Amino acid sequence: MDQTISYLRGDATAPQGKGVRIVAHVCNDLGGWGRGFVLALSRRWPEPEAAYRRWHRERAGNDFGLGAVQLVQVEPYLWVANMVGQRGIRTGRSTGVPVRYEAVDTALATLGGHARRLGASVHMPRIGCGLAGGRWERIEPLVTARLTARGTPVTVYDQ
């Protein structure tokens, strides 16, 4: 039951459709939350930021790290997936991009398992392509392989 990614103009923090939905996004591995899509998430729900910061703070005793996924319930049928797919952040001095495609791939595979277990659709901006500096041409095939090819409906939102 191969699906294709649906593209919509709109806000990924207001996911369209019925049923269980997961809003997925990429976080860094530094515990930083303060720029990009996470600001829109925090305006709508405080829980994903609080959970991410706690996850990072307690990382010595948990799975926090590149490729990890934290699922945070924000409404009865709505979850946010904090996916660690970015090493560090881009600074004025840095070269290269913070996104780590292998970590995004690992996180998407885990996310696919959660989505199937919950019977959920997945909603996201073009993950890894904003501040993380990634290219959608590299991310889109990962989303297809890990989610839509396995029957999970995915909607990508462009502002």
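Residues numbered from 1 in each chain as written. Predicted model: local features only at pLDDT ≥ 70, side-chain atom pairs only at ≥ 80, totals over all residues. Heavy atoms only, no water.

1. Structural notes on the overall build of the protein
For step 1, the next point in the chain: On a plain count of helices and strands, the protein comes out with 4 helices and 6 strands.
For step 2, the next point in the chain: Each helix (α) and strand (β) of the protein, taken in turn from the N terminus, gives the series β-β-α-α-β-β-α-β-α-β.
For step 3, the next point in the chain: Compactness check: the protein gives a C-alpha radius of gyration of 14 Å against a globular reference of 15 Å for 159 residues, within 12% of the reference.
For step 4, the next point in the chain: Projected onto its principal axes, the C-alpha positions of the protein cover 45 × 30 × 30 Å.
For step 5, the next point in the chain: Per-residue burial for the protein yields a buried fraction of 48% across its 159 residues. (Helix = DSSP H or I, 4+ residues; strand = E, 2+ residues; numbered from the N terminus. Rg over C-alpha atoms; globule rule 2.2 N^0.38 Å. Buried < 20%, exposed > 50% of the residue type's maximum accessible area, 1.4 Å probe, protein only.)

2. Things to note about the nonpolar core
For step 1, the next point in the chain: With 28 residues, the main nonpolar core has Met83, Leu108, Leu111, Val122, Met124, Ile127 and Val143 as its most contacted residues.
For step 2, the next point in the chain: Elements represented by at least two residues in this core include exactly strand 2 (21-28), strand 4 (78-86), helix 3 (101-118), strand 5 (121-124), helix 4 (136-146) and strand 6 (154-158).
For step 3, the next point in the chain: Once residues lying within four places of it in the same chain are set aside, the contact partners of leucine 111 are Ile22, Ala24, Val69, Ala81, Met83, Val122 and Leu147.
For step 4, the next point in the chain: Leu41, Trp45, Phe64 and Val84 belong to the second-largest nonpolar core, a separate cluster that totals 16 residues. (Core = buried A, V, L, I, M, F, W, Y, C linked by side-chain atoms within 4.5 Å. Contact = heavy atoms within 4.5 Å.)

3. Some words on the pairing of strand 6
For step 1, the next point in the chain: In terms of burial, strand 6 is a largely internal element, 4 of the 5 residues being buried.
For step 2, the next point in the chain: Pairing analysis gives 4 bridges linking strand 1 (residues 6-9) to strand 6, with the strands arranged parallel. Looking at the pairing, serine 6 lines up with threonine 155 of strand 6.
For step 3, the next point in the chain: As a crossover connection, the stretch from strand 5 through helix 4 into strand 6 is right-handed. (Pairing = 2+ DSSP bridges. Right-handed = clockwise from strand over helix to strand, strands pointing away.)

4. Things to note about the environment of tyrosine 77
For step 1, the next point in the chain: Here tyrosine 77 shows up in the loop between strand 3 (69-75) and strand 4.
For step 2, the next point in the chain: In this structure tyrosine 77 comes out as exposed when scored by relative accessible area, which is 55%.
For step 3, the next point in the chain: Taking the C-alpha atoms as reference points, tyrosine 77 and arginine 21, separated by 56 residues in sequence, lie 6.3 Å from one another.
For step 4, the next point in the chain: In this view, tyrosine 77 contacts Gly19, Val20 and Arg21; residues no more than four positions away in its chain are not counted.

5. Some remarks on the packing of helix 3 against helix 4
For step 1, the next point in the chain: It is at 9 Å that the axes of helix 3 and helix 4 come closest, and there the two elements cross at 30°. If you check the angle between helix 3 and helix 4, you find them roughly parallel. For the pair helix 3 and helix 4, the crossing hand works out as right-handed. In this structure, helix 3 contributes Tyr101, Val104, Asp105, Leu108, Ala109, Gly112 and Arg116 to the contact, and helix 4 contributes Arg138, Ile139, Leu142, Val143 and Arg146.
For step 2, the next point in the chain: For the contact of helix 3 with helix 4, a count of residues per class yields 7 nonpolar, 1 polar and 4 charged. (Axes fitted to C-alpha atoms, helices over the stretch in contact; angles between N-to-C directions. Parallel < 35°, antiparallel > 145°, perpendicular 65-115°, else oblique. Left-handed = near helix turned anticlockwise from the far one by under 90°. Nonpolar A, V, L, I, M, F, W, Y, C, P; charged D, E, K, R; others polar.)

Functional significance is not addressed by these values, which are geometric in nature.
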